[in-house]
Amino acid sequence: MPFLSGCSEGRVAPLASASAAQNGSAQAGGYHLGAGDKLRITVYNEPALTGEYSVTPAGAVAFPLIGTVNVADHTIEQVTADITHRLDGGYVQDPRVSVEVLNFRPFYILGEVNKPGEYPYSSGLTVDKAVALAGGFTYRANSRVGFLRRDNGPAEGSVALRGTPVAVQPGDTIRIGERYF
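Sequence order as written defines the numbering, with residues in each chain counted from 1. For a predicted model such as this one, the threshold for reporting local features is a pLDDT of at least 70, and the threshold for listing and counting side-chain atom pairs is 80 or more; totals across whole chains, interfaces and linings nevertheless cover every residue. Side-chain numbers here rest on the full set of heavy atoms in the structure, without hydrogens or water.

K.L.:
How do you make sense of the pattern of salt bridges when you look at a structure like this?
P.N.:
Close approach of charged atoms allows side chains with opposite charge to pair. We define a salt bridge as a side-chain nitrogen of Lys or Arg found within 4 Å of a carboxyl oxygen belonging to Asp or Glu. Per the stated rule, a full pass over the model turns up ten salt bridges. Notably, a salt bridge pairs D37 with R105, separated by 2.8 Å at the nearest N-O pair. In this pair, D37 is assigned in the loop between helix 2 (17–20) and strand 1 (38–43) and R105 in the loop between strand 5 (97–103) and strand 6 (107–111), connecting sequence segments 68 residues apart. Accessibility assignment for this pair places D37 and R105 in one class, buried. Runs of E in the DSSP output that reach at least two residues are strands. Runs of H or I that reach at least four are helices, and both are numbered from the N terminus. Only protein chains enter the accessibility calculation, which uses a 1.4 Å probe. A residue is then buried if its area is under 20% of the maximum for its type, exposed if over 50%, and partly exposed in between.

Quick look at the structure:
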């Protein structure tokens with residue numbers, strides 16, 4: 001059937017099930033910080049150091065006394081330990097540091113949805129819920145298969161829009177394609 005050969009050329013490989021199924025585990029301690037996240041850093045009994053800090057595009061936070069703290073691709077626990085260690089180096093006696101994410105970086109949805117664009121991430125977000133946030137599918141949308149590119153991922157992968165929900169992570173880009181028939 002030579003007339004159908006053109007339909008298979010643009011095929012995108014399915015997203016690996018391990019990366020597609022990373023549901024709440026990203027929030028439970030495996031979440032890696034990145035540009036656009038907003039943090040609340042609390043240093044017990046040190047109100048001058050406690051505050052809200054935004055992660056710069058370079059992946060860092062400017063923190064009083066200790067300067068720039070690189071947080072890109074680090075977990076909350078790693079950042080907490082780093083700040084605690086650096087403050088303990090002569091700045092604060094027995095520092096107790098707490099780091100929490102106030103706002104996650106946004107995710108993006110484009111293609112055949114009614115309101116494509118940038119949306120705030122929320123815990124437990126799936127591709128189905130993201131489509132709903134974007135006003136649902138257009139009449140031309142392929143409602144069976146979508147495409148997902150993880151934040152800083154090398155390529156997008158296809159995801160089934162029916163069946164097992166696929167988790168969305170901060171910074172991800174979702175693309176809903178057109179149906180052909």
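K.L.:
Can you help me understand the sheet that holds strand 5 in this one?
P.N.:
Whenever strands of a sheet pair, they do so through backbone hydrogen bonds, lying parallel or antiparallel. Two strands pair under a simple rule: DSSP has to find at least two bridges between them. Ordered in space as 2-1-5, the three strands form an open sheet in which the pairing is antiparallel. In the strand order of this sheet, the two ends are held by strand 2 (51–54) and strand 5, each with one partner. For this sheet the average axis-to-axis angle between neighbouring strands, irrespective of direction, equals 30°. Sheet analysis places strand 1 next to strand 5, joined by six bridges and oriented antiparallel. By the bridge assignment, K38 is partnered in strand 5 with N103. We call two residues contacting when some pair of their heavy atoms lies within 4.5 Å. Geometry is summarised by axes, namely lines fitted to C-alpha atoms with helices restricted to the contacting stretch, and by angles between N-to-C directions that run from 0 to 180 degrees. Contacting strand 1 and strand 5, helix 3 (residues 76–88) crosses the sheet at an angle of about 135° to strand 5.

K.L.:
Whenever I open this one, the side chain of R105 confuses me. Can you help?
P.N.:
The exposure class of R105 is buried, given its relative accessible area of 10%. Polar contact is the term for a pair of N or O atoms within 3.5 Å; when the atoms are in protein, one must be able to donate a hydrogen and the other to accept it, and sequence-neighboring residues count only if both atoms are side-chain atoms. One polar contact links R105 to Y31, side chain to side chain, over a distance of 2.7 Å. Separated by 3.0 Å, the side chains of R105 and D151 make a polar contact. Excluding anything up to four places from it in sequence, R105 contacts Y31, H32, L33, G34, A35, G36, D37, Y121, D151, P170 and G171.

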